[in-house]
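For reference, the chains in residue letters:
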Amino acid sequence: MYIRKASYHDLEHILPIYAYARKQMALNGNPGQWGMDKPEPETIRQDIELGRLFLIETEPQANTEELTASARQIAGVFAFQIGEDPTYQSIQGRWLNDLPYGVIHRIASAGSQKGILAECLNFCNTLIGNLRIDTHENNFVMRHLLEKNGFLECGMIHVEDGSPRIAFQRLIQQN
């Protein structure tokens, strides 16, 4: 798979991925995390503008005549930034450390490819070995995937609207 920064031209392909993710969360007992409209298009546009929205694309098939970026399909999307996240400043619990960290938000799969979270984590760990992420308590699929990928539950944080989220952190030593 291939990861690149999203552009405004990708918006028409990104919005259906988030719609699919909302539907899947609801089908798996988590209708409240993103409701019917999150992330909002303005949030996605802001992520693009700030250069923190990334796309995970599948590699073109070997028999594709023209191996170009246009032959790739978007399999997932996520926001990533290195630096302080205001919602992570106060935690009911304890972070693993106070070192600089990267934050993953709004990760979603198009449903066409497995391993989207692993691809995202591999990419993010090339930039920084200390990662934080949060999810809704009813997002059992994501909680399982985070634990499977070495994240430890650190406590509870509250997002902008005041709703609680379980906070996770993973530290990978970088050489």
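Provided above is the structure to which this section pertains.
Residues numbered from 1 in each chain as written. Predicted model: local features only at pLDDT ≥ 70, side-chain atom pairs only at ≥ 80, totals over all residues. Heavy atoms only, no water.

Colleague: What should I look at first to understand the pairing of strand E7 (residues 152-158) in this one?
Modeller: Sheet faces and side chains relate simply in a regular strand, where the side chains alternate between the two faces. Where strand E4 (residues 92-93) meets E7, two bridges bridge the pair, whose relative direction is antiparallel. For Gly93, the partnering residue across the bridge sits in E7 and is Gly155. Strand direction decides the pairing type here: E7 and strand E8 (residues 164-171), joined by six bridges, are antiparallel. For Gly155, the partnering residue across the bridge sits in E8 and is Ala167. (Pairing = 2+ DSSP bridges. Helix = DSSP H or I, 4+ residues; strand = E, 2+ residues; numbered from the N terminus.)

Colleague: I tried to follow the sheet that holds strand E6 (residues 130-135) on my own but got confused; where do I start?
Modeller: In a beta sheet, neighbouring strands pair by backbone hydrogen bonds and run either parallel or antiparallel. Pairing is mixed across the open sheet formed by eight strands, whose spatial order is E1-E2-E3-E5-E6-E8-E7-E4. The open sheet has two edge strands with one neighbour each: strand E1 (2-5) and E4. Pairing of strand E3 (residues 74-82) with strand E5 (residues 102-109), which is carried by six bridges, proceeds in the antiparallel orientation. From the neighbouring strand, Phe80 faces E5, where its bridge partner is Ile104. On the sheet, helix H2 (residues 41-49) packs against strand E2 (53-57), E3 and E5 and is oriented at approximately 90° with respect to E2. (Contact = heavy atoms within 4.5 Å. Axes fitted to C-alpha atoms, helices over the stretch in contact; angles between N-to-C directions.)

Colleague: Before we go on, may I ask you to explain the packing of aromatic side chains in this structure?
Modeller: Given two aromatic rings, their pairing is described by the distance between the two centres and the angle made by the two planes. Under the criterion given, the structure shown has six aromatic pairs. When the centroid spacing of 6.1 Å and the interplanar angle of 65° are considered together, the rings of Phe78 and Phe123 count as edge-to-face. Of the two residues, Phe78 sits in strand E3 while Phe123 sits in helix H3 (residues 116-127), which places them 45 residues apart along the sequence. Relative to Trp95, the ring of Tyr88 has its centre 5.1 Å away and its plane inclined at 45°; by these criteria the two rings are tilted. (Phe/Tyr/Trp six-rings, centres within 6.5 Å; stacked < 30°, edge-to-face > 60°.)

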